[in-house]
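What follows is each chain in one-letter form.
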Amino acid sequence: MILSGWESFFFWVFAFSAVIAALLTVMASNAVHSALFLISTLVSVAALFVLLGAEFIAGVQVLVYVGGVMVLFLFVIMLVNVGTEERGGGEELYNRPAQVGASLFFCVLLFVGLISAVNLSSAHFRAQPTTPGQSIEQMSAEQALVRETEQGMVASATGTSKISSDTERVGASLYRYGGLPFEIASVLLLVAIVGSVLLARTAKQEAAADDLAPETRAELSGDEALGIK
Amino acid sequence: MIPLSWYLTLSAVLFTLGVVGVITKRNAISMFMCIELMLNAVNLTFVSFSSYFGDVTGQLFVFIVMTVAAAEAAVGLGIIIAIFRNRETLDVDDASILKL
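Basis of the calculations
- Residues numbered from 1 in each chain as written.
- Chains lettered and ligands numbered in written order.
- Predicted model: local features only at pLDDT ≥ 70, side-chain atom pairs only at ≥ 80, totals over all residues.
- Heavy atoms only, no water.
- Helix = DSSP H or I, 4+ residues; strand = E, 2+ residues; numbered from the N terminus.
- Buried < 20%, exposed > 50% of the residue type's maximum accessible area, 1.4 Å probe, protein only.
- Contact = heavy atoms within 4.5 Å.
- Areas by Shrake-Rupley, 256 points an atom, 1.4 Å probe, with all protein chains shown as cover.
- Buried area = accessible area lost by both parts, 1.4 Å probe.
- Salt bridge = Lys/Arg side-chain N within 4 Å of Asp/Glu carboxyl O.
- Polar contact = N/O pair within 3.5 Å; in protein donor to acceptor, adjacent residues only side chain to side chain.
- Phe/Tyr/Trp six-rings, centres within 6.5 Å; stacked < 30°, edge-to-face > 60°.
- Expected span 1.5 Å × (residues − 1).
- Core = buried A, V, L, I, M, F, W, Y, C linked by side-chain atoms within 4.5 Å.
- Axes fitted to C-alpha atoms, helices over the stretch in contact; angles between N-to-C directions.
- Parallel < 35°, antiparallel > 145°, perpendicular 65-115°, else oblique.
- Nonpolar A, V, L, I, M, F, W, Y, C, P; charged D, E, K, R; others polar.

## Details of the overall build of chain A
- On a plain count of helices and strands, chain A comes out with 10 helices and zero strands.
- What you see in chain A, going N to C, is helices and strands ordered as α-α-α-α-α-α-α-α-α-α.
- Expressed as a percentage of its 229 residues, the buried residues of chain A come to 25%.
- Across chain A, the fraction of contacts at a sequence separation of at least 24, relative to all contacts at a separation of at least 6, is 48%.
- A total of about 14700 Å² of accessible surface is found on chain A, and carbon and sulfur atoms cover 69% of it.

## Thoughts on the interface of chain A and chain B
- On the side of chain B, 66 residues touch chain A, which itself brings 79 residues to the contact.
- A per-residue breakdown of the area chain A buries against chain B is headed by Leu-52, Tyr-65 and Phe-73 of chain A, which together make up 10% of the total.
- Between chain A and chain B we count zero salt bridges in total.
- Put simply, chain A and chain B have seven residue pairs in polar contact (both at pLDDT 80 or more) between them.
- Secondary-structure elements contributing two or more residues to the side of chain A that touches chain B are α1 (6-27), α2 (31-51), α3 (55-79), α4 (97-124), α7 (165-176) and α8 (179-199) of chain A.

## Here we look at the packing of aromatic side chains
- In total, this model carries 16 aromatic pairs over all chains according to the counting rule given.
- Their ring planes at 85° and their centres at 5.5 Å tell us that Trp-6 of chain A and Phe-9 of chain A sit as a pair that is edge-to-face. Linking Trp-6 of chain A with Phe-9 of chain A, this pair stays in helix α1, spanning three residues, or about one helical turn.
- What makes Trp-6 of chain A exposed here is its relative accessible area of 63%.
- For Phe-9 of chain A, a relative accessible area of 43% puts it in the partly exposed group.
- Clustering of aromatic rings is evident, with ring pairs tying together Phe-11, Trp-12 and Phe-16 of chain A together with Trp-6, Tyr-7 and Tyr-52 of chain B.

## So, α1 of chain A
- Helix length check: α1 of chain A (22 residues) gives 31 Å between terminal C-alpha atoms against 32 Å at 1.5 Å per residue, within 8%.
- All of the buried residues along α1 of chain A are Ser-8, Phe-11, Ala-15, Ala-18, Ala-21, Ala-22, Thr-25 and Val-26 of chain A.
- As for α1 of chain A, its buried residues are in contact with α2 of chain A together with α1 (4-24) and α2 (28-52) of chain B.

## With respect to α2 of chain B
Residues and elements named next belong to chain B.
- Helix length check: α2, at 25 residues, gives a terminal C-alpha distance of 37 Å against a target of 36 Å (1.5 Å per residue), a fit within 8%.
- Of all 25 residues in α2, 20 are buried, a share of seventy percent or more.
- N-cap assignment for α2: the residue whose side-chain oxygen lies 3.2 Å from the backbone N of Ile-29 is Asn-27.
- Positive phi appears at Gly-54, one or two residues downstream of α2, with a value of about 65°.

## Quick look at the environment of Ile-80 of chain B
- Secondary-structure assignment places Ile-80 of chain B in helix α3 (residues 57-87).
- On a C-alpha basis, the gap between Ile-80 of chain B and Lys-25 of chain B in space is 15 Å, while along the polypeptide they are 55 residues apart.
- Apart from residues lying up to four places away in sequence, Ile-80 of chain B is in contact with Val-76 of chain A together with Ala-28, Ile-29, Phe-32 and Leu-90 of chain B.

## A closer look at the nonpolar core
- Among the nonpolar cores identified, the biggest contains 55 residues, and Met-70 and Phe-73 of chain A together with Tyr-7, Ile-29, Leu-44 and Ile-80 of chain B are the most heavily contacted of them.
- Every element with two or more residues in this core is listed here: α1, α2 and α3 of chain A together with α1, α2 and α3 of chain B.
- If we skip the residues at most four places from it in the chain, Leu-44 of chain B touches Val-45, Leu-48, Phe-49 and Leu-52 of chain A together with Tyr-7, Leu-10 and Ser-11 of chain B.
- Counting five residues, the second-largest nonpolar core is a separate cluster that includes Leu-174 of chain A together with Val-56, Leu-60 and Phe-63 of chain B.

## Notes on the packing of α3 of chain A against α2 of chain B
- The N-to-C vectors of α3 of chain A and α2 of chain B enclose an angle of 175°; their axes lie 12 Å apart at closest approach. Comparing the axis directions of α3 of chain A and α2 of chain B gives the class roughly antiparallel. For the pair α3 of chain A and α2 of chain B, the contacting residues are Ile-57, Gln-61, Tyr-65, Val-69, Met-70, Phe-73, Val-76 and Ile-77 of chain A in the first and Ile-29, Phe-32, Met-33, Glu-36, Leu-39, Asn-40, Asn-43 and Val-47 of chain B in the second.
- Its residues placed into classes, the contact of α3 of chain A with α2 of chain B shows 12 nonpolar, three polar and one charged.

Shown next as structure tokens:
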């Protein structure tokens, strides 16, 4: 099927850049190069989110993934910069038949899955028109009234332009239906912060917090007495 | 309108690239980045279904998945730093102390 128009043009551009950058992420032997290619994959996928009409998720993707998680990755690569290069490289891959076999198995699985998925989806999944008014019959009468009134106004009078209606809908349903998962996610983030701080402490910091096993403390003080001083 | 199957195909390709990366890489940080790639492919699936069915619940799932991915990255990188302090290497083949 050949599509024309700007939407398919942008889909092809971003899909190709995402796949190529993902390929280079997997193939790069330097971890920093891998991280930079992963960043370009994430930005391309964020652009695809915009094409799908999910502007909020696209913004969160750029802010959280690219601005937060990937910067964290780059900082850790900087901290442990010894051994960022994979040892060996391309030619050593042939010495590991198990890994290559498993990869080929997954590729074949993908191929079979894609064939059946495309066959199924062409029959079952019809694209719904996603104009703003398409879900009016699903809304209650009150919401429909509000929507109608807003559509009658100029864009600036509603306070929401067309591009932010997705953010409004996601926010509304996040606080209406997803309150408990939202709170659980915040507790999870707190636990992750505490856990990563605890895990990444040095022995000296653990000793300063008086949080060492007795034998470790004896070993540490012995080292200091013998080696350093 | 782009067919849904194209987005699903792209997402499957990205996911498989992530799986292949996790299998073939031996640097722990590179493996983590491939896991992020897999999570992102799943997010693309969620968003495309959410967009094609006109339901924002899929985007809520993506929000939670992103939170979990951020938490996983923070804890995982803490573990990587702890392993690096003890062993001076990031090769996962060398971190085999639990092996029988």
